[in-house]
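Breakdown of the fold
The residues making up each chain are set out below.
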Amino acid sequence: MPSRLFRSAVVAALVIAFISGCGKSGPAQPAQMPAAEVGVVTAKAQAVPLTQDLVGRLSATRSADVRARVAGVLQKRVYTEGSDVKEGQVLFEIDPAPLRAAYNAQAANLVAAQATYTNNHVAAERTRSVAGKGLLSKTDLDNAQAAERTAAAAVQQAQANVDSAKISLGYASVTAPISGRAGQQQVTEGALVGQGDATLLTTISQIDPIYANFSQAVGDLDQLRRAQSTGDISLEQPNKAKVELTLPDGTPYGQPGTLDFSDIAVDAATGAVSLRGIVPNPDHILLPGMYISVRVTFGELKHAYLVQQAAVLRDAKGPYVFVVGSDGKVAQKRITASTQQGEYWVVTDGIADGDQIVVSGVQKVRPDAPAKAVPWSPNGDNNAKPQQAPAQPAAGKH
């Protein structure tokens, strides 16, 4: 019995000693997480072209309706539909027979009027000669001179009628008023045209160069003007602003144009201002009525940053980026980024030269947490492609 009690006491003492030893060693320390490795680029301010992508529609620079200006039967279409024609080229022929007959009649009237004037002129000369000798009364002299003047006026009237008939006869050959591309024939041969109204025969459109019509919100224009007044940007003159087009299939159109018109009034329905660019179209790839994408370069931002899209995040307060500071910790910076250029955001405020902006690995970091900054590669996780001198990749830490 004593031996059993002795063994129990020994076991209890050992348990107490073990518990006391554990209490002296203190709680176990958790393992430290390694700093997240992130790809960064170094921000560097630069002059950035100020561009805006809009949607527009093409229209001909000149368009003219070809109409029958005299009444008659359409005899022949001379041009090929859809072909290019030159100014003054004959397009249609109207039966000239009635017009030629009318011209001949007026020409005959002119000859008769000239003969009458000749007779009256001879009689007036004779009367003046006799009256000068005092052998005729003043009334006879006045009557002879009046007949002469009336005959002269009749000659002028007949000449005007001849000219008018000649013009009408010329209208029997319908010519192109402008150079351009002639459209579809609207009236077939054998139809009576120009009877009561000027019948539409076809339309000619000049499409080289061609107009690109689009509009811009008046608020955006106000922002541009305010930024120009503060010196943040320099705006191009309207005839120097660059206009680039993208075709409906996404293919860039190879020949840029210029902005040549800006309306002075705001459309009350849309709150936008109408703008127009003029673009070369020698191959007639662009056609009136086409919808196209328009990129307009209005000027240049004097101090801005091109930041990869993958680096820009957004929440309820707006856009922001993560940067790795000199102490190796991550900081969140709010930025101003309202314009995109290709695969970049144009940042005008919120970052400074030398900031190491996190491009890849943004999902691994949080503010005030440590991070290992390494140079970002375009072939990294986001597969971004640099454009127009973006923020430079940062030097890695060794």
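Look up a bit, the structure's there.
Summarised in this report is the structure supplied together with it. Every chain is numbered on its own, with residues counted from 1 as its sequence reads. Thresholds applied to this predicted model are a pLDDT of at least 70 for local features of residues and 80 or more for the giving and counting of side-chain atom pairs; totals over whole chains, interfaces and linings are not thresholded and use all residues. Side-chain metrics rest on all non-hydrogen atoms present in the structure, leaving aside hydrogens and water.

**Section: the packing of helix H2 (residues 97-131) against helix H3 (residues 138-170)**
Helix axes use the C-alpha atoms of the stretch in contact, all axes being lines fitted to C-alpha atoms, and the angles between their N-to-C directions lie in the range 0 to 180 degrees. To qualify as a helix, a DSSP run of H or I must reach at least 4 residues; to qualify as a strand, a run of E must reach at least 2; elements of each kind are numbered from the N terminus. Where H2 meets H3, the axes come as close as 7 Å, and the angle between the chain directions of the two elements is 160°. If you check the angle between H2 and H3, you find them roughly antiparallel. With respect to the hand of their crossing, H2 and H3 are arranged in left-handed fashion. When its residues are assigned to classes, the contact of H2 with H3 shows 20 nonpolar, 11 polar and 5 charged. Relative orientations are named as follows: roughly parallel for angles under 35 degrees, roughly antiparallel for angles over 145 degrees, roughly perpendicular for angles from 65 to 115 degrees, and oblique for any other angle. The sense of a crossing depends on the near helix, which, turned anticlockwise from the far helix by less than a right angle, makes the crossing left-handed and, turned clockwise, makes it right-handed. Charged means Asp, Glu, Lys or Arg here, nonpolar means Ala, Val, Leu, Ile, Met, Phe, Trp, Tyr, Cys or Pro, and polar covers whatever is left, Gly included.

**Side note on the nonpolar core**
Side-chain atoms within 4.5 Å link the members of a nonpolar core, which is a set of buried Ala, Val, Leu, Ile, Met, Phe, Trp, Tyr and Cys residues. Partly exposed describes any residue whose relative accessible area lies between the buried limit of under 20% and the exposed limit of over 50%, with all areas from a 1.4 Å probe on protein chains only and scaled to the type maximum. If you look at the biggest cluster of nonpolar residues, it comprises 22 residues, and the most contacted ones within it are Leu-58, Phe-214, Leu-245, Val-279, Leu-286 and Val-294. The contact criterion used throughout is that any non-hydrogen atoms of two residues lie within 4.5 Å. For Val-279, the residues in contact, after removing those within four places along its chain, are Pro-209, Ile-210, Val-243, Leu-245, Tyr-253, Gln-255, Gly-257 and Leu-286. By size, the runner-up hydrophobic cluster in this structure holds 20 residues, among which are Ala-64, Val-85, Ala-182 and Leu-201.

**So, the pattern of salt bridges**
Throughout this description, the term salt bridge denotes a Lys or Arg side-chain nitrogen within 4 Å of a carboxyl oxygen of Asp or Glu. Going through the model one piece at a time under the given rule, you end up with 11 salt bridges. A salt bridge links Asp-355 to Lys-333, with the nearest nitrogen and oxygen atoms 2.7 Å apart. Taken together, the positions of Asp-355 in the loop between strand S19 (344-349) and strand S20 (356-360) and Lys-333 in strand S17 (residues 330-334) put the pair 22 residues apart, joining distant regions of the chain.

**A word on the sheet that holds strand S8 (residues 192-193)**
Paired strands, as defined in this entry, are two strands with at least two bridges between them according to DSSP. If you trace the 4 strands from one edge of the open sheet to the other, you get S6-S5-S3-S8, paired in antiparallel fashion. If you trace the sheet from one side to the other, it starts and ends with strand S6 (173-175) and S8, each paired once.

**A few points about the pairing of S19**
Pairing between strand S14 (residues 291-308) and S19: 4 bridges, direction antiparallel. What sits directly across from Leu-306, in S19, is Val-346. Where strand S18 (residues 336-341) and S19 come together, 5 bridges link them in antiparallel fashion. Looking at the pairing, Gln-341 lines up with Tyr-344 of S19. Here S18 folds back onto S19 in antiparallel fashion, the turn holding 2 residues, of which Gly-342 has a positive phi close to 60°.

**A short note on H3**
Any helix carries an expected span of 1.5 Å times its number of residues minus one. The first and last C-alpha atoms of H3 sit 49 Å apart over 33 residues, in line with the 48 Å expected at 1.5 Å per residue. Residues of H3 that are buried make contact with H2.

**Section: H2**
Helix length check: H2, at 35 residues, gives a terminal C-alpha distance of 51 Å against a target of 51 Å (1.5 Å per residue), a fit within 8%. Residues of H2 that are buried in the fold lie against H3.

**Describing the side chain of Gln-185**
Residue placement: Gln-185 occurs in the loop between strand S7 (180-182) and S8. Accessibility expressed as a relative area gives 14% for Gln-185, which makes it buried. Polar contacts, as counted here, are pairs of nitrogen or oxygen atoms within 3.5 Å of one another; within protein the pair requires one atom able to donate a hydrogen and one able to accept it, and residues that are adjacent in sequence qualify only if both atoms are side-chain atoms. At 2.4 Å, the side chain of Gln-185 forms a polar contact with the backbone oxygen of Val-187. The residues contacting Gln-185, other than those within four sequence positions of it, are Leu-74, Arg-77, Tyr-79, Glu-81, Phe-92, Leu-201 and Thr-202.

**What about the packing of aromatic side chains?**
In this scheme Phe, Tyr and Trp rings, the latter by its six-membered ring, pair at centre separations within 6.5 Å, and the angle between planes marks the pair as stacked below 30 degrees, edge-to-face above 60, and tilted otherwise. Under the counting rule described, the total for this entry stands at 2 aromatic pairs. With a centroid separation of 5.5 Å and 75° between ring planes, the pair formed by Tyr-79 and Phe-92 is classed as edge-to-face. Separated by 13 residues along the polypeptide, Tyr-79 in the loop between strand S3 (72-77) and strand S4 (84-85) and Phe-92 in strand S5 (residues 90-94) bring together distant segments of the chain. Residue classification places Tyr-79 among the buried residues on the basis of a relative accessible area of 3%. With 5.6 Å between their ring centres and 75° between their planes, Tyr-320 and Phe-322 make a pair best called edge-to-face. Using a relative accessible area of 11% as the deciding quantity, one classes Tyr-320 as buried. For the cation-ring pair, Arg-77 lies above Tyr-79, with the distance from its terminal atom to the ring centre recorded as 5.8 Å. Lying across the ring of Tyr-211, Arg-276 places its NZ or CZ 3.9 Å from the centre. Charges are assigned to positions over rings by a cutoff of 6 Å between ring centre and Lys NZ or Arg CZ, combined with an angular limit of 35 degrees from the ring normal.

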